[in-house]
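Observations on the model geometry
Chain by chain, the residues:
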Amino acid sequence: MNLPDSRKNEEALAQLLEESRKIRGVSLWKDAWRRLRRNRPAMASLIFLIGLGLVAFLPPMLPLQSPLDKDLNNRRFLSPSFEPITMGSREGLKFADGKLTSQLALFEAEIAAETAEALAIKDPLKQAEQFESIQDRIRVEHPFNQLWNQLGSVSFKMVQIRVAIFGDYAIPSIFGTDKLGRDLLARVFWGARVSLVVGLVATLVSLMIGVSYGAIAGYFGGWIDAAMMRIVDMLYSIPFIFVVIYLVTFLGEESVKAWLESYGINQIMIFYIIIGAIYWLTMSRVVRGQVLSLRQEQFVESARTIGASPMRIVFRHLVPNVLGIVIVYLTLTIPAVMLFEAFLSFLGLGVAPPDVSWGLLLNDGVEALSSVKLFWWVVIFPGAALAMTLFALNFLGDGLRDALDPKMKNR
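Residues numbered from 1 in each chain as written. Predicted model: local features only at pLDDT ≥ 70, side-chain atom pairs only at ≥ 80, totals over all residues. Heavy atoms only, no water.

Side note on the overall build of the protein
Selection criterion: Helix and strand definitions follow DSSP, with helices as H or I runs of at least four residues and strands as E runs of at least two, each counted in order from the N terminus. Throughout, exposure labels follow a simple rule: accessible area from a 1.4 Å probe, protein chains only, divided by the maximum for the residue type, with under 20% read as buried, over 50% as exposed, and the rest as partly exposed. Working definition of accessibility: Shrake-Rupley area with a 1.4 Å probe, residue cover restricted to the visible protein chains.
Tallying secondary structure elements over the protein gives 18 helices and two strands in all. When burial is assessed residue by residue, the protein has 40% of its 411 residues classed as buried. Put simply, the protein shows about 23,400 Å² of open surface, and 63% of that area lies on carbon and sulfur atoms.

Thoughts on the packing of aromatic side chains
Here is the rule we go by: Two rings from Phe, Tyr or Trp (for Trp, the six-membered ring) form a pair when their centres are within 6.5 Å of each other. A pair whose planes differ by under 30 degrees is stacked, one over 60 is edge-to-face, and the rest are tilted.
Summed over the entire model, instances satisfying the criterion amount to nine aromatic pairs. Between Phe 144 and Trp 148 the ring centres are 5.7 Å apart and the planes differ by 85°, which places this aromatic pair in the edge-to-face class. Overall, the relative accessible area of 1% leaves Phe 144 in the buried class. Judged by centre distance (5.7 Å) and plane angle (85°), the ring pair of Trp 376 and Trp 377 falls under edge-to-face. The class for Trp 376 is partly exposed, based on a relative accessible area of 40%.

Looking at the side chain of Arg 182
Put simply, the test is: What makes two residues a contact is simply this: any of their non-hydrogen atoms within 4.5 Å.
Within the fold, Arg 182 resides in the loop between strand E2 (169-170) and helix H8 (184-220). Arg 182 gets classed as buried once you look at its relative accessible area, which sits at 8%. Ignoring sequence-local partners within four residues, the contact set of Arg 182 consists of Pro 67, Leu 68, Asp 69, Lys 70, Gly 176, Thr 177, Arg 187 and Asp 364.

Considerations on the confidence of the model for the protein
What counts, and what does not: Scored from 0 to 100, pLDDT records how confident the predictor is in each individual residue.
In the predicted model, the protein carries a mean pLDDT of 81, and the fraction of residues at 70 or more is 89%. Least confident of the elements in the protein is helix H1 (residues 3-22), whose mean pLDDT is 66; most confident is E2, at 90.

Notes on the packing of helix H3 (residues 40-57) against helix H18 (residues 377-404)
What counts is decided by this rule: Axis definition: a line fit to C-alpha positions, over the contact stretch in the case of helices; interaxial angles, taken between N-to-C directions, run 0 to 180 degrees. Comment on the angle field: the value is read as roughly parallel under 35 degrees, roughly antiparallel over 145, roughly perpendicular from 65 to 115, and oblique elsewhere. Helix crossings get a hand from a simple test, with the near helix turned counterclockwise from the far one by less than a right angle marking a left-handed crossing and a clockwise turn marking a right-handed one. In this count, Pro and Cys sit with the nonpolar residues alongside Ala, Val, Leu, Ile, Met, Phe, Trp and Tyr, while Asp, Glu, Lys and Arg are called charged and the others, Gly among them, polar.
Look at H3 against H18: their axes get within 8 Å of each other, and the N-to-C directions meet at 135°. What the angle tells us is that H3 and H18 run oblique. Of the two possible hands of crossing, H3 and H18 adopt the one that is left-handed. Listed contacts from H18 to Pro 41, Ala 42, Ser 45, Leu 46, Phe 48, Leu 49 and Leu 52 of H3 are Met 388, Thr 389, Ala 392, Leu 393, Phe 395, Leu 396 and Gly 399. In terms of residue class, the contact of H3 with H18 is made up of eleven nonpolar, three polar and no charged.

Considerations on the environment of Leu 106
Of note, Leu 106 is situated in helix H4 (residues 100-120). What makes Leu 106 partly exposed here is its relative accessible area of 41%.

A short note on the packing of helix H9 (residues 222-236) against helix H13 (residues 280-294)
Packing of H9 against H13 leaves a shortest axis separation of 10 Å and a crossing angle of 150°. One way to sum up the angle between H9 and H13 is to call them roughly antiparallel. As H9 packs across H13, the resulting crossing turns out to be left-handed. Contacts between H9 and H13 involve Asp 225, Met 229, Val 232, Asp 233, Leu 235 and Tyr 236 from the former and Trp 280, Leu 281, Thr 282, Ser 284, Arg 285 and Arg 288 from the latter. Of the residues assigned to the contact of H9 with H13, the class counts are six nonpolar, two polar and four charged.

Some thoughts on a positive patch on the surface
Using the following cut-off: Residues form patches when they are more than 30% accessible in relative terms and have no salt bridge. Like charges link within 9 Å. Nonpolar side chains (Val, Leu, Ile, Met, Phe, Trp, Tyr) link within 5 Å. Salt-bridge detection follows one rule: a side-chain nitrogen of Lys or Arg within 4 Å of a carboxyl oxygen of Asp or Glu. Two residue types count as positive, namely Lys and Arg, and two as negative, namely Asp and Glu; His and chain ends fall outside the count. The atom standing in for a charge is NZ when the residue is Lys, CZ when it is Arg, CG when it is Asp and CD when it is Glu.
Residues Lys 30, Arg 34, Arg 37 and Arg 38 make up a contiguous surface patch of positive charge. Inspection of the secondary structure assignment puts Arg 38 in the loop between helix H2 (28-37) and H3.

Some thoughts on the nonpolar core
Formally: Buried residues of nine kinds, namely Ala, Val, Leu, Ile, Met, Phe, Trp, Tyr and Cys, make up a nonpolar core once their side-chain atoms join them within 4.5 Å.
Counting 42 residues, the largest nonpolar core has Leu 100, Phe 144, Trp 148 and Trp 358 as the members making the most contacts within it. Every element with two or more residues in this core is listed here: H3, H4, helix H6 (143-147), helix H7 (153-166), H8, helix H16 (323-346), helix H17 (358-368) and H18. Per-element accounting of this core gives the leading share, nine residues, to H18. Apart from the residues lying within four places of it in its own chain, the contact partners of Trp 358 are Leu 52, Val 188, Gly 191, Ala 192, Ser 195, Met 338, Ala 385, Leu 386 and Thr 389.

Quick word on the pattern of salt bridges
One pass over the structure, following the stated rule, counts eleven salt bridges. A salt bridge links Glu 110 to Arg 137; the shortest N-O distance between them is 2.4 Å. With Glu 110 in helix H4 and Arg 137 in helix H5 (residues 124-141), this pair connects stretches of sequence that are 27 residues apart. Owing to a relative accessible area of 31%, Glu 110 belongs among the partly exposed residues under this scheme. Salt-bridge contacts for Arg 285 lead to Asp 233; the nearest nitrogen and oxygen are separated by 2.3 Å. Within this pair, whereas Arg 285 is found in helix H13, its partner Asp 233 is found in helix H9, the two being separated by 52 residues in sequence. Residues joined in a network through salt bridges with shared partners are Glu 110, Glu 114, Arg 137 and Glu 141.

Examining the side chain of Arg 137
What counts is decided by this rule: In protein, a polar contact means a hydrogen-donor-capable atom and an acceptor-capable atom, both N or O and within 3.5 Å, with residues adjacent in sequence counting only if both atoms are side-chain atoms; elsewhere, any N or O pair within 3.5 Å suffices.
Since its relative accessible area comes to 19%, Arg 137 is described here as buried. A polar contact is formed between the side chain of Arg 137 and the side chain of Glu 114, at a distance of 2.5 Å. If sequence neighbours within four positions are ignored, Arg 137 has contacts with Phe 107, Glu 110, Ile 111, Glu 114 and His 142.

Concerning unusual backbone geometry
Of note, Phe 77 is a non-glycine position whose phi angle comes to about 55°, a positive value. In this structure, Phe 77 sits in the loop between H3 and strand E1 (85-86). The exposure class of Phe 77 is buried, given its relative accessible area of 14%. With a phi close to 60°, Asp 97 is a non-glycine residue in the positive phi region. By secondary structure assignment, the location of Asp 97 is in the loop between E1 and H4. You can call Asp 97 exposed: its relative accessible area is 68%.

Next up, the structure:
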């Protein structure tokens, strides 16, 4: 080879190396996000679900009516209307001037006066008793506690912001009212909080248990896989509805409930975890089947060759490759969990009044249906909220499945 040809080869090699340095690899997640953005129905569904999540978080700050204030005499089964509403105007509340702001100012002035009297007491024991009496009065008589149920510290602050911004104004009953005269729009918004949290938390619990269990069983195979799957078979034979009823009843017993609340665990949190813990069986079988088909692939053999541990291979290499199937199954699990919550709430074992969920609203709507007079709004609006959410979850699930499937990378 002569010298000019050698130089040409060196220049070509240098140019090739320079071009290779400019090429950057794209991770699975970046590539999936790029493809997901091109799927308009999936992106529209994602935006809708994000907005729904914000709406579910913000009801205490929105100018909604009380979700639990009843007016059996004047507002029972009212059809949708745009008649102006003033917070605290119902006569039965006996608020000062028929307004929430007036009653709140009066109550805060009374509490301030009682606090000043308590501070003037010199006996520490009597002073402590007086402060405890003040706290009991706040829990029972505070205007917020008469219009909203068991507001936590964050929700209480949000309601304060709502009153500071909107005052006594409340959105009219554009969704109508229910059989007890409660505003349906407020109940749909507040019900979104429970229904979405049930779906997400329970599904995440089933995801963590089912994916881990199925991936480990599928990777190790042999007697480990056989033993783990026989456990799943035995659990499948148990009628879980009775297990859930037993657990919810047992954990709802007063002494057990008090013990759990001492650790900051309330009954609704236990309810979420119990539902999630019974939905992992099918997930584990789905993941196991996928891992069995992948564990002999070249990328797994390469990971073994460089000394990767079994757990690293399972969770770093195999699990990401089954995410497409997992996401699709999750889109089916979330609606199933939400419907299961509705069923348990109907039996009185799930979300109990005065708390509210979409399942409870639909059950109330079905009970209100009559051949004599049709109160269509008590079914249409909660049903539409649930249906739109499930449609959005399905569209998003399809989009995520396509985005996470390596076989569809160039389509």
